[in-house]
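Spelled out, the chains give:
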Amino acid sequence: MRCVILLLALFSTTARAGDAKPLDPADYPPGVQEALRYANEECDSQGGGAVSFAPDTVRKVDLTGDGRDDYIVDFRDTKCGERTTTYCGTGGCVLNILVALPDGSVRPVFDGYVRSYEILAPPMKRGAARVVRFDLHGSYCGGFGAQACSKEKAITASPFAFRQP
């Protein structure tokens, strides 16, 4: 009986994972589509192949606190043909953050390499910007590649970049 329950649980988990809808750039605003086009251009420049996006490549979340969905485009699981390293390097993987503007368009505010990121808990003040913690290449903190380097940034409509000291 335990084997039957285990097999049913495994089957239902596998079925849910297989149900993930593939990413369709047409589902997103033109600014996000442009960020996704980067993947095709970069893949072509490296010898081509079919670009495949993970279902969670684009994440919608209100980062600025204005009630509109903003977008995080994370290329960590994007493939160029069979290559999984086209969009990643020692500094992490390409990450874009685009914020929604009142007119319905989106503005890119960040485009860089990050090892990982975490959206911190929502602020207590209603309408306040969310803070994101970025794990970066050690050189952004005055060290070298393998050293830990974290920086936090409140996301607004103003573009930002991390600079090496």
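Summarised in this report is the structure supplied together with it. Source: prediction; values computed, not measured.

1. Thoughts on the sheet that holds strand 10 (residues 150-154)
In a beta sheet, neighbouring strands pair by backbone hydrogen bonds and run either parallel or antiparallel.
Now for step 1: Reading across from one edge, 8-9-10 is the order of the three strands in this open sheet, with antiparallel pairing throughout. For this open sheet the edge positions go to strand 8 (116-119) and strand 10, each flanked by a neighbour on one side alone. Taken over all neighbouring pairs, the strand axes of this sheet differ in orientation by 20° on average, direction set aside.
Now for step 2: With five bridges joining them, strand 9 (residues 131-135) and strand 10 adopt antiparallel strand pairing. Bridge pairing links V132 to K153 in strand 10.

2. Details of the side chain of T86
Now for step 1: The topology assignment puts T86 in the loop between strand 4 (79-80) and strand 5 (88-89).
Now for step 2: Taking relative accessible area as the criterion, T86 reaches 7% and is therefore assigned buried.
Now for step 3: When near neighbours in sequence (up to four residues on either side) are disregarded, T86 contacts E42, Q46 and C80.

3. Quick word on the pattern of salt bridges
A side chain with one charge can pair with a side chain of the opposite charge if their charged atoms come near.
Now for step 1: With the rule as written, the count across this model stands at seven salt bridges.
Now for step 2: The salt bridge partner of D69 is K60, with a shortest N-O separation of 4.0 Å.
Now for step 3: The exposure class assigned to D69 is partly exposed, which follows from its relative accessible area of 36%.
Now for step 4: In this structure, the salt-bridge partner of E152 is R133, at a minimum N-O distance of 3.0 Å. Of the two residues, E152 sits in strand 10 while R133 sits in strand 9, which places them 19 residues apart along the sequence.
Now for step 5: Linked by salt bridges that have partners in common, D56, D74, R76 and D77 make up one network.

4. A look at the packing of aromatic side chains
Now for step 1: Enumeration according to the criterion identifies 10 aromatic pairs in this entry.
Now for step 2: On the basis of an interplanar angle of 75° and a centroid distance of 5.7 Å, the ring pair of F160 and F162 is categorised as edge-to-face. Grouping residues by exposure puts F160 and F162 together as buried.
Now for step 3: Ring-pair connections join several aromatic residues into one group, and the members of that group are F110, F134, F160 and F162.

5. Side note on the pairing of strand 8
Now for step 1: Here strand 8 shows a clear split, with Y117 and I119 buried on one side and none of S116 and E118 buried on the other.
Now for step 2: Bridge count between strand 8 and strand 9: four bridges; the pairing is antiparallel. When the sheet's bridge partners are listed, Y117 is paired in strand 9 with F134.

6. Details of the pairing of strand 6 (residues 92-100)
Now for step 1: Of all nine residues in strand 6, nine are buried; the element is thus mostly enclosed.
Now for step 2: Inspection of the sheet shows strand 3 (residues 70-74) paired to strand 6 by four bridges, in the antiparallel sense. Residue pairing in the sheet places I72 in a bridge with I97 of strand 6.
Now for step 3: Across two bridges, the pairing between strand 5 and strand 6 is antiparallel. Residue pairing for strand 6: C88 is matched across the bridge by C93.
Now for step 4: Hairpin remark: strand 5 followed by strand 6, antiparallel, with two residues in the connecting loop.
Now for step 5: By the bridge criterion, eight bridges tie strand 6 to strand 7 (residues 106-114) in an arrangement that is antiparallel. From the neighbouring strand, A100 faces strand 7, where its bridge partner is V106.
Now for step 6: Counted between consecutive antiparallel strands, the loop separating strand 6 from strand 7 contains five residues, among which G104 sits at a positive phi close to 95°.

Analysis parameters
Residues numbered from 1 in each chain as written. Predicted model: local features only at pLDDT ≥ 70, side-chain atom pairs only at ≥ 80, totals over all residues. Heavy atoms only, no water. Pairing = 2+ DSSP bridges. Helix = DSSP H or I, 4+ residues; strand = E, 2+ residues; numbered from the N terminus. Axes fitted to C-alpha atoms, helices over the stretch in contact; angles between N-to-C directions. Buried < 20%, exposed > 50% of the residue type's maximum accessible area, 1.4 Å probe, protein only. Contact = heavy atoms within 4.5 Å. Salt bridge = Lys/Arg side-chain N within 4 Å of Asp/Glu carboxyl O. Phe/Tyr/Trp six-rings, centres within 6.5 Å; stacked < 30°, edge-to-face > 60°.

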